[in-house]
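# Commentary on secondary and tertiary structure
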Amino acid sequence: MSVSDISLTAGMRTNLMNLQNTNQLLNRTQQRLSSGKAVNSALDNPTNYFAAQNANQRAGDLSDRKDGMSEAVQTVNAANAGISAITGLISAAKGIAQSALSTSDTNVQSKLAAQYDTIRSQIDNLSSDSGYQGLNLLSSTNTLTVNFNESASSQLNVVGFLASSSGLSLTGASNNWQTTSDITSDSAKMDSAVTTLRTNTQTLAANMNIITTRQSFTDSMINTLQTGADNLTLADMNQEGANMLMLQTRQSLGTTSLQMSSQASQAVLRLF
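Residues numbered from 1 in each chain as written. Predicted model: local features only at pLDDT ≥ 70, side-chain atom pairs only at ≥ 80, totals over all residues. Heavy atoms only, no water.

## Remarks on the pattern of salt bridges
Heads up, the condition is: By salt bridge we mean one thing: a side-chain nitrogen of Lys or Arg within 4 Å of a carboxyl oxygen of Asp or Glu. Numbering of helices and strands runs from the N terminus, with a helix taken as a DSSP run of H or I at least four residues long and a strand as a DSSP run of E at least two residues long.
For the structure shown, the criterion picks out 5 salt bridges. Of the charged contacts, one joins Lys-189 and Asp-186 as a salt bridge, the two residues approaching to 3.9 Å between their closest N and O atoms. Remark: Asp-186 and Lys-189 occur in helix H4 (residues 180-233); sequence separation between them is 3 residues, near one turn of the helix.

Following this line, the structure appears as structure tokens:
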């Protein structure tokens, strides 16, 4: 039997339609209360839905970039730690050179020269061990590329340098440090190496400052985008709670009204 085969009075049909509309509004309000959003699909509000979706997608892309920035910070930190350690070794080597200058015993000078060469080999080890996640800014002129925005059109290239003994021009102990000129020559090379390390440290520090600044900016942008998306889609929970109470009341009244509308038809039954 189709709906059209059933005859309802005008009052009953009106009350039924009102009750159906109330039920639809109740379902919508329940969905908003459960999800916390007034716009759950494009059917609710196409403009706000797609605008919020675009904002959330961009926030997600920036969040991925932020992870890359965090990894870049650790790579630069690893290089900086290596530079600090190498600088300490060179300072120790300079102390050994000063000890060699203060003695005229060639045997002592030879032993001190051997200590210097040992330090040189440790500088090589430190240089090769200062990498992070497969990228070492001290073992060669590797380049760390840090992308800042979702399209990778904004980026920073952090160029490494060779911080090994050969890269710092620290040669083996000249003539086994048997003369003062040999010792002073190598001491000058150590001073030059320290200058090179300090210069590159300043460059790394400047790059680190750029990366951390962009990290903070990215955090702010993600927060702005997510807040904007929420403003377009989130429901006012106080209003929806009030709507639920009112709709429940309307539903109860609608049911009562429908019952009253059916009383005229029920009166016909009494005639029989």
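## Topic: the side chain of Thr-233
What counts here: Distance and chemistry together define a polar contact, namely a pair of N or O atoms within 3.5 Å, with one atom able to donate a hydrogen and the other to accept it when in protein, and with adjacent residues in sequence counting only for side-chain atoms on both sides. Here, two residues are considered to be in contact whenever any of their heavy atoms come within 4.5 Å of each other.
Note on placement: Thr-233 falls in helix H4. Engagement of the side chain of Thr-233 in a polar contact is seen with the backbone oxygen of Ala-229, the distance being 2.9 Å. Ignoring sequence-local partners within four residues, the contact set of Thr-233 consists of Lys-37, Ala-38, Val-39, Asn-48 and Ala-52.

## A few points about helix H3 (residues 106-128)
The condition is simple: In this scheme, a helix's expected span is set at 1.5 Å multiplied by one less than its residue total. Burial classification: accessible surface area is computed with a 1.4 Å probe over protein chains only, and a residue below 20% of its type maximum counts as buried, one above 50% as exposed, and the rest as partly exposed.
Given a rise of 1.5 Å per residue, 23 residues ought to cover 33 Å, and the 33 Å separating the end C-alpha atoms of H3 matches this to within 8%. Listed in full, the buried residues belonging to H3 are Gln-109, Leu-112, Ala-113, Tyr-116, Ile-119, Arg-120, Ile-123 and Ser-127. For H3, the elements touching its buried residues are helix H2 (46-101) and H4. Its side-chain oxygen 2.9 Å from the backbone nitrogen of Asn-107, Asp-105 forms the N-cap of H3.

## Digging into the side chain of Asn-149
Considering the arrangement of structural elements, one finds Asn-149 in the loop between strand E1 (143-147) and strand E2 (155-159). Among the polar contacts made by the side chain of Asn-149, one reaches the main-chain amide nitrogen of Ala-152 at a distance of 2.9 Å. In this structure Asn-149 touches Leu-62, Arg-65 and Ser-154, once residues within four positions along its chain are discounted.

## Digging into empty space enclosed by the protein
Rules: Cavities and pockets were defined on a 1 Å grid built from protein atoms only: a cavity is a group of points that admits a 1.4 Å probe but offers it no way out, a pocket is an open group of points flanked by protein on both sides within 12 Å along at least five of seven lines, and a lining residue is one with an atom within 4 Å of any such point. Grid points are joined across faces, edges and corners, and a volume is the space filled by probe spheres set on the points. Note on residue classes: Ala, Val, Leu, Ile, Met, Phe, Trp, Tyr, Cys and Pro are nonpolar, Asp, Glu, Lys and Arg are charged, and everything else, Gly too, is polar.
Tallied over the full model, the rule gives 1 cavity of 30 Å³ or more. Approximately 30 Å³ is the volume attributed to the largest cavity. What lines the largest cavity is simply Ile-90, Ala-93, Tyr-116, Ile-119, Arg-120, Ile-123, Leu-170 and Met-190. Taken together, the elements giving at least two residues each to the lining of the largest cavity come down to H2 and H3. The element best represented in the lining of the largest cavity is H3, accounting for 4 residues. Counted by class, the lining of the largest cavity contains 7 nonpolar, no polar and 1 charged residues.

## Thoughts on the packing of H2 against H3
Rules: Axis definition: a line fitted to C-alpha atoms, over the contacting stretch in the case of helices. Angles run 0 to 180 degrees between N-to-C directions. Angles are sorted into four bins: roughly parallel if under 35 degrees, roughly antiparallel if over 145, roughly perpendicular if 65 to 115, and oblique for all others.
Between H2 and H3, the shortest axis-to-axis distance is 10 Å and the interhelical angle comes to 170 degrees. The angle between H2 and H3 places the two elements in the roughly antiparallel class. Every residue of H3 that contacts H2 at Ala-85, Ile-86, Leu-89, Ile-90, Ala-92, Ala-93, Ile-96, Ser-99 and Ala-100 is listed here: Gln-109, Leu-112, Gln-115, Tyr-116, Ile-119, Gln-122, Ile-123, Leu-126 and Ser-127. Grouping the amino acids of the contact of H2 with H3 by side-chain chemistry returns 13 nonpolar, 5 polar and no charged.

## Concerning unusual backbone geometry
Of note in the backbone geometry, Ser-169 takes a positive phi value of approximately 65 degrees without being a glycine. Turning to its location among the elements, Ser-169 is positioned in the loop between E2 and H4. Since its relative accessible area comes to 48%, Ser-169 is described here as partly exposed. Positioned with a positive phi, Asn-175 is a non-glycine residue whose angle comes to about 50 degrees. The residue Asn-175 is located in the loop between E2 and H4 in this model.

## Description of the environment of Thr-87
Mapped onto the elements, Thr-87 comes out in helix H2. Note: C-alpha distance between Thr-87 and Thr-195 (108 residues apart in sequence) is 9.8 Å.

## Topic: the pairing of E1
For clarity, the threshold we go by: Two strands make a pair as long as DSSP finds a minimum of two bridges between them.
Going residue by residue along E1, you find Leu-144 and Val-146 tucked away on one face and Thr-143, Thr-145 and Asn-147 left uncovered on the opposite face. The pairing of E1 with E2 spans 5 bridges and is classified as antiparallel. From the neighbouring strand, Asn-147 faces E2, where its bridge partner is Gln-155.

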